[in-house]
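Okay, here's what each chain looks like letter by letter:
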There are 2 protein chains.
Amino acid sequence: MNLKELASRLGLSPTTVSRALNGYPEVNEATRERVMAAAKRHNYHPNTRAIRLATGRAMAVGHVIPVATRHEIVNPVFADFIAGAGETYSRNDYDMVLSVVPDDQEEAAYRGLKSKGNVDGVIVHAPKLNDPRIALLHDIGLPFVVHGRATGATLPYSWLDVNNRRAFQRAAEFLLDLGHTRIALVNGLEFMDFAIRRRTGYEAALTARALTPDPALMASDEMTEIAGHRAARRMLALPDRPTAFLVASMISGMGVRRALEEAGLQMGRDISVIIHDDDLSYMKNGDDVPIFTATRSSVREAGRMAAEMLLDLIANPGPVQQRLLEAELIMGQSTGPCPRA
Amino acid sequence: MNLKELASRLGLSPTTVSRALNGYPEVNEATRERVMAAAKRHNYHPNTRAIRLATGRAMAVGHVIPVATRHEIVNPVFADFIAGAGETYSRNDYDMVLSVVPDDQEEAAYRGLKSKGNVDGVIVHAPKLNDPRIALLHDIGLPFVVHGRATGATLPYSWLDVNNRRAFQRAAEFLLDLGHTRIALVNGLEFMDFAIRRRTGYEAALTARALTPDPALMASDEMTEIAGHRAARRMLALPDRPTAFLVASMISGMGVRRALEEAGLQMGRDISVIIHDDDLSYMKNGDDVPIFTATRSSVREAGRMAAEMLLDLIANPGPVQQRLLEAELIMGQSTGPCPRA
DNA sequence: GAATCGCCCCAAACCGCTTTGGATAGCGCA
DNA sequence: TGCGCTATCCAAAGCGGTTTGGGGCGATTC
């Protein structure tokens, strides 16, 4: 069942049927209802491919996922971000197309999406310091929203980010208030923009209390259980070991916890831990009382909002949109006063 | 730059240019090379929307992701499966479109994908007992491959699955060989097909040694850290507590580990644990020596293979394809002889 | 009563490609 | 020389919608 056939059944022209279904004013209300009813009755759904060609719009947005030729890993927060963004797309009848490409072909992937007309815009994930994708997308004229920010970018661009700097600054201050002075930072890879900002916040908090950040208490690695464990174990073996940890993610935090337990230390009493909690649906930080004290910001909600920004940007191309979210600091069972204090 | 313009620049008809680029034989080799060169020079990429309309193929496959209106969660293995499948799609110039829909609209989502012509086929995720999607897709005539199987399905269908039954049977046998008799099962939700099969394998192993499965030692819940912790804590509080755990996932396993530690028990010495390891890129089971003894099967590889099956099914519609993968049993540090033995 | 105006509807062009059904020209062969 | 064949190429018709540019007709205006 296509438009032409439906039209002929109704004794109308395709033009009128199309207009009736799309809510154009130049069609009689009675006619419109007749058309709507017939469309429903015959289970008519306009062919997306034809709409796309006729309108010149893809009705789709792209997410490019670069994938490990070198050392990177599929980001665990990705699934939740996608779930959030996907809800927005579905509600607006947009398709979400994912391009999984070797990371040395990322640029080609963006160019392809644009020149082949597969999408109307893209979300940029995991921005890095001086991320080249911003200039690239500017160049090829593909609307985009960055999830995060890219320190060093010179062009204006749309983004949605968590205030990572302030989150980690507040978390560090909280630990300082509890009397901790040897505070470790188990950070993500520091070519990632968010990791840089978190480190800055952490350092700012220490410096404000006249403490000098100790390089031995700072680790930067992938946010895996393994890496978290490795970093914590190393630091706990130091002669002047930390009494508190600031950790980049829930998963890293589980590695840190494992290291604590191996060392016979009790989290929350002997050692305090604060993590960043992306509020992942499959990795909740406790049910009633949070396991970890945490800076929390839902990445799924971020996905929802970033998608909305992008759709808006596509619908009315205008000035860039920027949105900064604050993470909450939530109390859990993993922090307490410094035992040495 | 479109086909018509490229053709006119070359002094050729669109027909010939199209054929030249698509490798049809009725075009002179010299002409073809001239066309190819011009296409590259002018950075010509055929418009996907037009190709799709003209050929009647979507050149895309769909993944429908039902999302929590009730209690389900975004599956953590999903990201890796997608990454694997996505690689296959990219290599074959297919798009991957994800539909995130409220779970009570899943059927409508599949129907929509078909009738609007957005995709040429779909991958079905997380099949349940008597999963209705199989009959549905059969009905509407959309090619599909199921990741997993659906016990109770009457129609033939294509699937790719891990031999969950045998994996858990072997794991249980391994624990039995170590002298354990009180073996707990921390399973996934048992309306999920894979969970049912795992339980069956577990029970078969016990029964074969004349042991009766104890309902108190069987839990079935979402595969989260929280749920794993909850189940293990409950079981460890039993008068006749288990000496070994068979756990459905890495993440559940971390919850179990937490419960062990809270109870002052050392994993691998006091209590043995075997998990199922999907070999997730962000959740590796140790680097050199695995943390957990595990039944392992890469879900990413499964994604790659399932996608290949589907593309093949789309290209040459034929008999159903079915593929059963065996999980490896890998030794880690979480198992040892039963201390009571 | 004629000109004007809205309201509804339609025919046809168009989006950018593929594909069908020739057309033309050169060549071998009788 | 004439005919059939093959190798190349092209015009035009789709694919299934949207959108432009009218057209007919009853009501309003003067």
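Residues numbered from 1 in each chain as written. Chains lettered and ligands numbered in written order. Predicted model: local features only at pLDDT ≥ 70, side-chain atom pairs only at ≥ 80, totals over all residues. Heavy atoms only, no water.

A.B. asks: Could you clarify how one ought to interpret the pattern of salt bridges in this entry?
C.D. replies: Side-chain pairs of opposite charge can arise where the charged atoms are in close proximity. Throughout the structure, instances matching the rule amount to 54 salt bridges over all chains. The structure contains a network of salt bridges with shared partners spanning Glu87(A), Arg300(A), Glu301(A) and Arg304(A). (Salt bridge = Lys/Arg side-chain N within 4 Å of Asp/Glu carboxyl O.)

A.B. asks: Looking at this model, I keep getting lost on the protein's contact with DNA strand D. Mind explaining?
C.D. replies: Every one of the 26 residues lining DNA strand D counts as a neighbour, but Leu3(A), Ser18(A), Arg19(A), Thr15(B) and Arg19(B) are closest to it. Each atom of DNA strand D within 4 Å of the protein was classed as base or backbone; sugar and phosphate made up 58%. Interatomic distance of 2.9 Å between a side-chain N/O atom of Tyr44(A) and a sugar or linking oxygen of DNA strand D. Thr31(B) places a side-chain nitrogen or oxygen 2.8 Å from a phosphate oxygen of DNA strand D. Only α2 (14–21) and α4 (48–55) of chain A together with α2 (14–21) and α4 (48–55) of chain B provide two or more residues apiece to the surface near DNA strand D. Top element by residues in the surface near DNA strand D is α4(A). It accounts for four residues. When grouped by side-chain class, the residues that make up the surface near DNA strand D number 11 nonpolar, 12 polar and three charged. (Near = heavy atom within 4 Å. Polar contact = N/O pair within 3.5 Å; in protein donor to acceptor, adjacent residues only side chain to side chain. Helix = DSSP H or I, 4+ residues; strand = E, 2+ residues; numbered from the N terminus. Nonpolar A, V, L, I, M, F, W, Y, C, P; charged D, E, K, R; others polar.)

A.B. asks: Looking at this structure, I do not really get the side chain of Ser334(B). What am I missing?
C.D. replies: Residue and element names in this part refer to chain B. Here Ser334 is to be found in the segment after β12 (328–330). Within the structure, the side chain of Ser334 is placed 2.5 Å from the backbone oxygen of Val273, a separation counted as a polar contact. A polar atom in the side chain of Ser334 sits 2.8 Å from the backbone nitrogen of Thr293. Beyond its immediate chain neighbours, meaning those up to four positions away, Ser334 contacts Met267, Gly268, Ile271, Ser272, Val273, Ile291, Phe292 and Thr293. (Contact = heavy atoms within 4.5 Å.)

A.B. asks: I'm lost on the domain arrangement of chain A in this one. Help?
C.D. replies: One frequently used descriptor of interface size is the decrease in accessible area upon assembly of the parts. One can read the domain layout of chain A as domain 1 (3–46), domain 2 (60–162 + 300–325) and domain 3 (164–297). Computed from C-alpha coordinates alone, the two centres of domain 1 of chain A and domain 2 of chain A are separated by 37 Å. (Domains from an automatic or database assignment.)

A.B. asks: Sorry if this is basic, but what is going on with the sheet that holds strand β1 (residues 60–67) of chain A here?
C.D. replies: Where strands meet in a sheet, backbone hydrogen bonds hold them as pairs that are either parallel or antiparallel. Within the open sheet, the 12 strands sit side by side as β11(A)-β5(A)-β4(A)-β3(A)-β1(A)-β2(A)-β2(B)-β1(B)-β3(B)-β4(B)-β5(B)-β11(B). Their pairing is mixed. Strand pairing shows two members of the sheet lacking a second neighbour, β11 (322–325) of chain A together with β11 (322–325) of chain B, which therefore form its edges. Within this sheet the neighbouring strands show an average axis-to-axis angle of 20°, counted without direction. Judged from the three bridges that link them, strand β2 (residues 95–102) of chain A and strand β2 (residues 95–102) of chain B form a sheet pairing that is antiparallel. Each residue of the ladder has a partner; that of Met96(A), found in β2(B), is Leu98(B). Across the sheet, helix α7 (residues 132–140) of chain B is in contact with β3 (121–124) and β4 (144–147) of chain B; its angle to β4(B) comes to roughly 170°. (Pairing = 2+ DSSP bridges. Axes fitted to C-alpha atoms, helices over the stretch in contact; angles between N-to-C directions.)

A.B. asks: Any chance you could explain the relation of the copies chain B and chain A here in plain terms?
C.D. replies: For the pair of chain copies, the relating transformation is a rotation about an axis with a translation along it. In screw terms, the move from chain B to chain A is a rotation of 180° and a rise of 0.0 Å along the axis, fitting with an RMSD of 0.2 Å. Expressed as an axis order, the relation between the two copies is that of a two-fold axis. For chain B, the residue whose C-alpha comes nearest the rotation axis is Val97(B), separated from it by 2.2 Å. Comparing interface residues between copies, 100% of those in chain B also lie at the interface in chain A; the contact surface is shared. (Least-squares fit on C-alpha atoms with pLDDT ≥ 70 in both.)

A.B. asks: Could you clarify how one ought to interpret the interface of chain B and chain A in this entry?
C.D. replies: On the chain A side, the residues contacting the 50 residues of chain B number 50 residues. Each partner contributes to the roughly 4,500 Å² buried at the junction of chain B and chain A, and carbon and sulfur atoms together form 59% of this total. The interface formed by chain B and chain A includes four salt bridges. Linking chain B with chain A are 20 residue pairs in polar contact (both at pLDDT 80 or more), by the criterion used here. When residues of the side of chain B that touches chain A are traced back to their parent elements, those giving at least two are α4, α5 (78–91), β2, α10 (225–236) and α11 (250–262) of chain B. Here the side of chain B that touches chain A gets seven residues from one element, more than from any other, and that element is α5(B). Residues of the side of chain B that touches chain A, tallied by class, amount to 22 nonpolar, 12 polar and 16 charged. (Buried area = accessible area lost by both parts, 1.4 Å probe.)

A.B. asks: What is the right way to look at the protein's contact with DNA strand C in this model?
C.D. replies: In the neighbourhood of DNA strand C, 26 residues make up the surrounding shell, with Thr16(A), Arg19(A), Leu3(B), Ser18(B) and Arg19(B) lying closest. Counted by atom, the contact set of DNA strand C within 4 Å of the protein is 59% sugar and phosphate. In the environment of DNA strand C, a phosphate oxygen lies 2.8 Å from a nitrogen or oxygen atom belonging to the side chain of Thr31(A). In the model, a base oxygen of DNA strand C is placed 3.2 Å from a nitrogen or oxygen of the Arg19(B) side chain. Broken down by secondary-structure element, the contributors of at least two residues to the surface near DNA strand C are α2 and α4 of chain A together with α2 and α4 of chain B. Ranked by residue count, the leading element in the surface near DNA strand C is α4(B), at four residues. A breakdown of the residues in the surface near DNA strand C according to their chemical character gives 11 nonpolar, 12 polar and three charged.

A.B. asks: Just checking my understanding: could you explain the nonpolar core for this structure?
C.D. replies: Generally speaking, soluble globular proteins have nonpolar side chains that are buried together. Core analysis: the biggest nonpolar cluster contains 150 residues, and Tyr89(A), Phe245(A), Val273(A), Tyr89(B), Phe245(B) and Val273(B) have the highest contact counts within it. Setting aside chain neighbours within four positions, we find Val273(A) in contact with Phe245(A), Val247(A), Val256(A), Leu260(A), Met267(A), Phe292(A), Thr293(A), Ser334(A) and Thr335(A). (Core = buried A, V, L, I, M, F, W, Y, C linked by side-chain atoms within 4.5 Å. Buried < 20%, exposed > 50% of the residue type's maximum accessible area, 1.4 Å probe, protein only.)

A.B. asks: Could you clarify how one ought to interpret the side chain of Thr48(A) in this entry?
C.D. replies: With respect to the helices and strands, the residue Thr48(A) is situated in helix α4. The exposure class of Thr48(A) is buried, given its relative accessible area of 11%. Side chain to side chain, Thr48(A) and Asn118(B) meet in a polar contact 2.6 Å long.

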